[in-house]
Amino acid sequence: DVKVTQSSRYLVKRTGEKVFLECVQDMDHENMFWYRQDPGLGLRLIYFSYDVKMKEKGDIPEGYSVSREKKERFSLILESASTNQTSMYLCASRTPSVGNQPQHFGDGTRLSIL
Amino acid sequence: TQLLEQSPQFLSIQEGENLTVYCNSSSVFSSLQWYRQEPGEGPVLLVTVVTGGEVKKLKRLTFQFGDARKDSSLHITAAQPGDTGLYLCAGVPRAGGTSYGKLTFGQGTILTVHP
């Protein structure tokens with residue numbers, strides 16, 4: 001069965017800290033995605049990766065960076081956390097084989113920046 | 001940028017009632033996916049509709065893709081408390097280019113079904 005694991009369910013950090021959110025998938029998927037989810041705004045794409053070491057900006061990349069050194073792991077980095085980055089963060093992966101394949105999501109990390 | 005407008009944002013109904021959620025866009029999509037998300041979990045795919053005019057049924061849930069592939073609806077018959085959750089529509093871009101499987105999500109509909 002498909003499994004996307006996010007390292008933390010809840011995280012509390014302070015303003016200005018560098019924050020790492022980790023995501024691991026066990027399905028050998030090429031495509032991986034990071035979203036943030038806020039009430040009334042749906043899921044907004046931050047960054048995605050279509051292969052190891054390959055990444056592209058999504059719709060709201062400002063204040064974030066990503067790393068994909070291995071196929072199974074996709075990390076989201078908040079360079080200097082700010083209170084407006086308090087949100088639910090969701091990681092997803094997908095096989096690119098055919099266009100209509102679904103994305104498989106982790107259970108999310110609820111991040112609070114104080 | 002393709003946009004998907006989902007409505008209503010909130011639905012609070014009694015058990016046994018029917019409801020419809022709408023997803024509309026000015027853009028054409030290759031297909032439309034519907035996800036359901038329960039508290040503390042990530043979204044899970046319910047269905048993908050691919051062909052214009054297509055209707056798919058999943059027990060009491062009926063999904064329809066518009067003829068022009070710009071809109072979709074989810075209809076639930078005789079809603080149950082177990083249907084409570086966040087419903088998300090997501091558009092799959094047309095083939096070609098470098099979409100890499102990116103999805104365009106609607107804002108979501110929070111459904112609460114009271115016993």
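The following refers to the structure shown. Within any chain, residue numbers begin from 1 and follow the written order of that chain's sequence. Here every chain gets a letter starting at A, and every ligand a number starting at 1, in the order they are written. Selection of residues for local features in this predicted model requires a pLDDT of at least 70, selection of side-chain atom pairs for listing and counting requires 80 or more, and totals for whole chains, interfaces and linings are taken over all residues. Side-chain descriptors were evaluated using all non-hydrogen atoms of the structure, hydrogens and water having been removed beforehand.

Here's the deal with the overall build of chain A
- In terms of helices and strands, chain A carries 0 helices and 11 strands.
- Helix and strand labels come from DSSP, where a helix needs a run of H or I of at least four residues and a strand needs a run of E of at least two; each type is numbered from the N terminus. Order of helices (α) and strands (β) in chain A, N terminus to C terminus: β-β-β-β-β-β-β-β-β-β-β.
- Only the C-alpha atoms count toward the radius of gyration. The rule for a globule is 2.2 Å times the residue count to the power 0.38. For chain A, whose C-alpha radius of gyration is 13 Å, the value lies close to the compact-globule estimate of 13 Å for 114 residues.
- Across its three principal directions, the C-alpha atoms of chain A cover 40 × 30 × 25 Å.

Observations concerning the state of the cysteines
- Note on disulfides: each one is a pair of cysteine sulfur atoms within 2.5 Å. According to the stated counting rule, one finds 2 disulfides over all chains in the structure shown.
- Cys23(A) shares a disulfide with Cys91(A); S-S distance 1.9 Å. The chirality of the disulfide connecting Cys23(A) with Cys91(A) is left-handed, given an S-S dihedral of about -75 degrees. On the criterion of sequence distance, the pair formed by Cys23(A) in strand β3 (residues 19-25) and Cys91(A) in strand β9 (residues 87-94) is long-range, its members being 68 residues apart. The same class applies to Cys23(A) as to Cys91(A), namely buried.
- For Cys23(B), the disulfide goes to Cys89(B), at an S-S distance of 1.7 Å. In this structure, the disulfide formed by Cys23(B) and Cys89(B) twists by about 55 degrees around the S-S bond and is classed as right-handed. Note on classification: 1.4 Å probe, protein chains only; a residue is buried when its accessible area is under 20% of the maximum for its type, exposed when over 50%, partly exposed between these limits.

Here we look at the sheet that holds strand β1 (residues 4-6) of chain A
Residue and element names in this part refer to chain A.
- Between any two strands, at least two bridges found by DSSP are needed for them to pair. Read from one edge to the other, the open sheet built from 4 strands follows the order β1-β3-β8-β7, with strand pairing classed as antiparallel. What marks the edges here is a single partner per strand, and that holds for β1 and β7 (64-70). Pairs of neighbouring strands in the sheet enclose a mean axial angle of 20 degrees, with direction left out of account. Interaxial angle, 0 to 180 degrees, is taken between N-to-C directions of lines fitted to C-alpha atoms, where a helix line uses only the stretch in contact.

Structural notes on the interface of chain B and chain A
- Counting from both sides, the interface comprises 23 residues of chain B and, opposite them, 23 residues of chain A.
- At the boundary of chain B with chain A, total buried surface from both sides reaches about 1700 Å², with 55% on carbon and sulfur atoms.
- The term salt bridge refers to a side-chain nitrogen of Lys or Arg lying within 4 Å of a carboxyl oxygen of Asp or Glu. Here chain B is connected to chain A by 0 salt bridges.
- Pairs of N or O atoms are called polar contacts if they sit within 3.5 Å, as long as, within protein, a hydrogen donor faces a hydrogen acceptor (for residues adjacent in sequence, only side-chain-to-side-chain pairs). Where chain B packs against chain A, one counts 7 residue pairs in polar contact (both at pLDDT 80 or more).
- Broken down by secondary-structure element, the contributors of at least two residues to the side of chain B that touches chain A are β4 (31-37), β5 (44-49) and β9 (85-92) of chain B.
- Counting residues per element, the side of chain B that touches chain A draws most heavily on β4(B), which supplies 4 residues.
- Nonpolar residues are Ala, Val, Leu, Ile, Met, Phe, Trp, Tyr, Cys and Pro. Charged residues are Asp, Glu, Lys and Arg, and all others, Gly as well, are polar. When grouped by side-chain class, the residues that make up the side of chain B that touches chain A number 10 nonpolar, 11 polar and 2 charged. Any two residues having at least one pair of non-hydrogen atoms within 4.5 Å are treated as being in contact. A simple way to read buried area is as the amount of 1.4 Å-probe accessible surface that goes missing from two parts once joined, with both sides added.

Side note on the packing of aromatic side chains
- Two rings belonging to Phe, Tyr or Trp (six-membered ring only in the last case) form a pair when the distance between their centres is within 6.5 Å. Interplanar angles under 30 degrees mark stacking, angles over 60 mark edge-to-face geometry, and anything in between is tilted. Under the defined criterion, the tally for this structure stands at 9 aromatic pairs over all chains.
- Ring geometry for Tyr35(A) versus Phe105(A): centroids 5.8 Å apart, planes at 40 degrees, classification tilted. One end of the pair, Tyr35(A), is in strand β4 (residues 31-38); the other, Phe105(A), is in strand β10 (residues 104-105), with 70 residues separating them in the sequence. Here Tyr35(A) matches Phe105(A) in class, with each residue buried.
- Residues Phe105(A) and Tyr35(B) carry aromatic rings whose centres are separated by 5.8 Å and whose planes lie at 85 degrees to one another, so their mutual orientation is edge-to-face. Placement of the pair is Phe105(A) in strand β10 and Tyr35(B) in strand β4, with the two residues belonging to separate chains. With respect to class, Phe105(A) is no different from Tyr35(B); both count as buried.
- Ring pairing ties together the aromatic residues Phe33(A), Tyr35(A), Phe48(A), Phe105(A), Tyr35(B) and Phe105(B), which thus form one cluster.

Brief notes about the pairing of β9(B)
Residue and element names in this part refer to chain B.
- Counting buried positions over the 8 residues of β9 gives 8, a clear majority of the element.
- One ladder, built from 7 bridges, connects β4 with β9; its direction is antiparallel. Looking at β9, one finds that glutamine 33 is bridged to alanine 90.
- Strand direction decides the pairing type here: β9 and strand β11 (residues 109-114), joined by 3 bridges, are antiparallel. Opposite leucine 86, over in β11, you have isoleucine 110 as the bridge partner.
- Of the pairings in the sheet, the one linking β9 to strand β10 (residues 104-105) comprises 2 bridges and is antiparallel in character. Residue pairing in the sheet places alanine 90 in a bridge with phenylalanine 105 of β10.

Treat this as a map of the structure, not an account of what it does.
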